[in-house]
Amino acid sequence: MEAANNPNSEAVRKPQLIYRCKKCRRIVASEESIVPHELGKGEQCFKWKKRSGDKLGEEKEPTQCSSIFVEPLKWMQPVQEGYVEEKLQCIGCKARLGSFNWAGMQCNCGAWVNPAFQLHKNRLDECYM
Ligand SMILES: [Zn+2]
Ligand SMILES: [Zn+2]
């Protein structure tokens, strides 16, 4: 581990987006493990988010997903143990990072993801490496 990772490895790899636990900085997901989903029709799926009253100041950008969905990853212990749905905790610091459900979950954008391994963006730090 000392030979400083191989300066000229392969071609030029473009930086990869990774997600770390905000608390302990452990890497919990990377771009590769993200399962993309199509943005749902947010306001139609959630009644409480009415759009009819238009006068809400300037339009915000379209519904942003507040979480990412990933493949089942090794650190997700309850997944390994066979749970169908559970919380997902960082194995480093036990911070709650999200939850999963093999039967699927709904993103805040309204899209259903199935199966769903959801990590909340506000518990994560995004960075490139
Ligand atoms: Zn979404
Ligand atoms: Zn952590």
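Structure: see above.
Scoring rules and cut-offs
- Residues numbered from 1 in each chain as written.
- Chains lettered and ligands numbered in written order.
- Predicted model: local features only at pLDDT ≥ 70, side-chain atom pairs only at ≥ 80, totals over all residues.
- Core = buried A, V, L, I, M, F, W, Y, C linked by C-beta atoms within 7 Å.
- Buried ≥ 20, exposed ≤ 12 C-beta atoms within 10 Å, placed from the backbone.
- Helix = DSSP H or I, 4+ residues; strand = E, 2+ residues; numbered from the N terminus.
- Contact = placed C-beta atoms within 7 Å.
- Pairing = 2+ DSSP bridges.
- Axes fitted to C-alpha atoms, helices over the stretch in contact; angles between N-to-C directions.

(A) Region of the structure containing the nonpolar core. Counting residues in hydrophobic clusters, the biggest one holds 21 residues, and the most contacted among them are V28, L97 and L119. At the level of elements, β1 (17-21), β2 (27-30), β3 (67-69), β5 (96-101) and β8 (116-120) are the ones that each hand at least two residues to this core. At 3 residues, β8 tops the list of elements feeding residues into this core. In this structure, L119 is in contact with Y19, V28, A29, S67, I68, V70, L88, L97, G98 and L124, ignoring residues within four places of it in sequence.

(B) Structural detail: unusual backbone geometry. Between N114 and the following residue, P115, the backbone shows a cis peptide bond with an omega angle of -5°. Relative to the assigned elements, P115 resides in the loop between β7 (112-113) and β8. The phi torsion at R25 lies on the positive side, around 70°, for a residue other than glycine. Within the secondary structure, R25 is located in the loop between β1 and β2. Of the residues examined, R25 has 13 C-beta atoms within 10 Å and is grouped as partly exposed. In this structure, K94 takes a positive phi of about 70° despite not being glycine.

(C) Seen up close, the sheet that holds β1. On the basis of which strands lie adjacent, the open sheet formed by 3 strands has the order β2-β1-β9 and antiparallel pairing. The open sheet has two edge strands with one neighbour each: β2 and β9 (124-128). Going from strand to strand, the sheet's axes swing by 30° on average, the running direction of each strand aside. Pairing analysis gives 3 bridges linking β1 to β2, with the strands arranged antiparallel. Within β2, the residue paired with Y19 across the bridge is A29.

(D) Fine view of the sheet that holds β5. Sheet architecture is open: 4 strands sit in the order β3-β8-β5-β4, paired in antiparallel fashion. Edge positions in the sheet fall to β3 and β4 (85-89), since each of these pairs with one other strand and no more. Looking at each pair of strands side by side, their axes are set apart by 25° on average, direction ignored. Strand direction decides the pairing type here: β4 and β5, joined by 5 bridges, are antiparallel. Paired with L88 across the strands is G98, a residue of β5.

Purely geometric stuff here, so don't read any function into it on its own.
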